[in-house]
Amino acid sequence: AFCFSLQMNHTKGGLLIFTANSHPSSRELSKRIAERLGVELGKVQVYQEDNRETRVQIQESVRGKDVFIIQTMSKDVNTTIMELLIMVYACRTSCARSITGVLPYFPYSKQCKMRKRGSIVTKLLASMMCKAGLSHLITMDLHQKEIQGFFNIPVDNLRASPFLLQYIQEEIPDYRNAVIVAKSPASAKRAQSFAERLRLGIAVIHGEAQDAESDLVDGRHSPPTVKTTGAIHPSMEIPLLIPKEKPPITVVGDVGGRIAIIVDDIIDDVDSFLAAAETLKERGAYKIFIMATHGILSSDAPRLIEESPIHQVVVTNTIPHELQKLQCPKIQTVDISMILSEAIRRIHNGESMSYLFANIGVDD
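Every value quoted in this text rests on a predicted model; they were computed, and no experiment measured them.

1. With respect to the overall build of the protein chain
The secondary structure content of the protein chain amounts to 9 helices and 14 strands. When burial is assessed residue by residue, the protein chain has 48% of its 364 residues classed as buried. Accessible surface, the protein chain as shown: approximately 18,300 Å² in total, 53% of it carbon and sulfur.

Pasting the structure below:
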């Protein structure tokens, strides 16, 4: 149990919590965090002008204060990023003592690898945030934890898994008869982490339809269209990598007569989850749950989930998804405002953060 006694140390400067969001539904998490810390949200106006330019006006003094800017992602991701950058810069030019960004879901985190003639957008975004004047970042379940290395400021990558594990133990009555499933070998590590903590078995689905994260999309693995021989010497030919071919779908591990719990970090485009659910149902799983930290659930994901054999989709409130819940009662939310407010409290008071990372291994 966390303790939320916020002793204000005035020599260190006060604590100010702002939400940089012009979208009302996105302010919900900020309100919860401020409530837990027993402080009011800072007065600020964030709005779009008629020409779609973002304007930020901070309406109280931030000089010498520890400022925490909470920014949850709305449908309009790019506006959300701009709001944050303008607000960070506004605090910096108003002489804030420190500026900590609290981004429960870090946007563009899937674009963290080099694709042919693409760019590593996550790195670009990290540079922009540091340039604007961010001095610390708090986030949750980064798509790849190596993203922390893109920043030249401290990054705290908190975990939502304790809350999801608690949900499994308390809300799935016969979870002892469950098996943790990775819908592709890429998410096997996460599944292993859940399975070992719950003392359950693991299953991995292999050989699904081509997905966007696969290596085939990466230009460095595609052979050139024209065979270039004689680049070094006419008799020397550079050996090329054989293109990959996915095998037919196989499930490694037994799911017959079990509850299947698919775990992942982001659920956005649900096609791969639905394909996995169908496969598991064919293999005899009698109930299928999906556990994910970030419920983006864009376009018609809620309708597809509602019509699918999936029993429940459990996500956290890192991203507001109230509209999706109205469309699909199968979506359940776990509140993670507790760990974010505790992180803010510890950073402000200069306390150790290690308690929030207890039992997290190198691979988790």
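2. Side note on unusual backbone geometry
Across the chain, the bulk of peptide bonds are trans and the bulk of non-glycine residues have phi less than zero. Within the chain, Arg-117 stands out as a residue other than glycine whose phi angle is a positive 50°. With respect to the helices and strands, the residue Arg-117 is situated in the loop between strand 5 (98-103) and helix 3 (121-132). Even without glycine at this site, Ser-299 takes up a positive phi of about 45°. Residue classification places Ser-299 among the exposed residues on the basis of a relative accessible area of 66%.

3. Some details on the sheet that holds strand 5
In spatial order, the strands read 1-4-5-6-7; together these 5 strands make up an open sheet with parallel pairing. What marks the edges here is a single partner per strand, and that holds for strand 1 (15-19) and strand 7 (155-158). Averaged over all pairs of adjacent strands, the angle between strand axes in this sheet comes to 15°, irrespective of strand direction. As paired elements, strand 4 (residues 66-70) and strand 5 share 5 bridges and run parallel to each other. Of the residues in strand 5, the one forming a bridge with Asp-66 is Ser-98.

4. So, the packing of aromatic side chains
Tallied over the full model, the rule gives 1 aromatic pair. Judged by centre distance (5.6 Å) and plane angle (80°), the rings of Phe-106 and Phe-151 are edge-to-face. With Phe-106 in the loop between strand 5 and helix 3 and Phe-151 in the loop between strand 6 (136-140) and strand 7, this pair connects stretches of sequence that are 45 residues apart. Like Phe-106, the residue Phe-151 is buried in the burial classification. Positioned above the aromatic ring of Phe-273 is the side chain of Lys-183, whose terminal nitrogen or guanidinium carbon lies 4.8 Å from the ring centre.

5. Comments concerning the sheet that holds strand 12 (residues 287-295)
Pairing in this open sheet of 7 strands is mixed, and the strands run 10-9-8-11-12-13-14 from one edge to the other. In the strand order of this sheet, the two ends are held by strand 10 (250-252) and strand 14 (331-334), each with one partner. Across this sheet, the average inter-strand angle for adjacent strands is 25°, counted without regard to direction. Pairing of strand 8 (residues 178-182) with strand 9 (residues 201-206) involves 4 bridges; the strand directions are parallel. Looking across to strand 9, one finds that Val-179 is bridged to Gly-201. On top of the sheet, helix 4 (residues 161-171) reaches strand 11 (259-267), strand 12, strand 13 (312-316) and strand 14; it is set at about 155° to strand 12, its chief contact.

6. A word on the pairing of strand 11
Of all 9 residues that make up strand 11, 9 are buried, and the element is covered over most of its length. Where strand 8 lies against strand 11, 4 bridges are found, and the strand directions are parallel. Looking at strand 11, one finds that Val-179 is bridged to Ala-260. By the bridge criterion, 8 bridges tie strand 11 to strand 12 in an arrangement that is parallel. By the bridge assignment for strand 12, Ala-260 is matched with Ile-288. Each parallel crossover has a hand, and for strand 11 linked through helix 6 (residues 271-282) to strand 12 it is right-handed.

7. Quick look at the side chain of Thr-122
Note that Thr-122 resides in helix 3. One polar contact links the side chain of Thr-122 to the main-chain carbonyl oxygen of Gln-111, over a distance of 2.9 Å. Setting aside chain neighbours within four positions, we find Thr-122 in contact with Phe-106, Tyr-108, Ser-109, Gln-111, Cys-112, Ile-147 and Phe-150.

What counts and how
- Residues numbered from 1 in each chain as written.
- Predicted model: local features only at pLDDT ≥ 70, side-chain atom pairs only at ≥ 80, totals over all residues.
- Heavy atoms only, no water.
- Helix = DSSP H or I, 4+ residues; strand = E, 2+ residues; numbered from the N terminus.
- Buried < 20%, exposed > 50% of the residue type's maximum accessible area, 1.4 Å probe, protein only.
- Areas by Shrake-Rupley, 256 points an atom, 1.4 Å probe, with all protein chains shown as cover.
- Pairing = 2+ DSSP bridges.
- Axes fitted to C-alpha atoms, helices over the stretch in contact; angles between N-to-C directions.
- Phe/Tyr/Trp six-rings, centres within 6.5 Å; stacked < 30°, edge-to-face > 60°.
- Lys NZ or Arg CZ within 6 Å of the ring centre and 35° of its normal.
- Contact = heavy atoms within 4.5 Å.
- Right-handed = clockwise from strand over helix to strand, strands pointing away.
- Polar contact = N/O pair within 3.5 Å; in protein donor to acceptor, adjacent residues only side chain to side chain.

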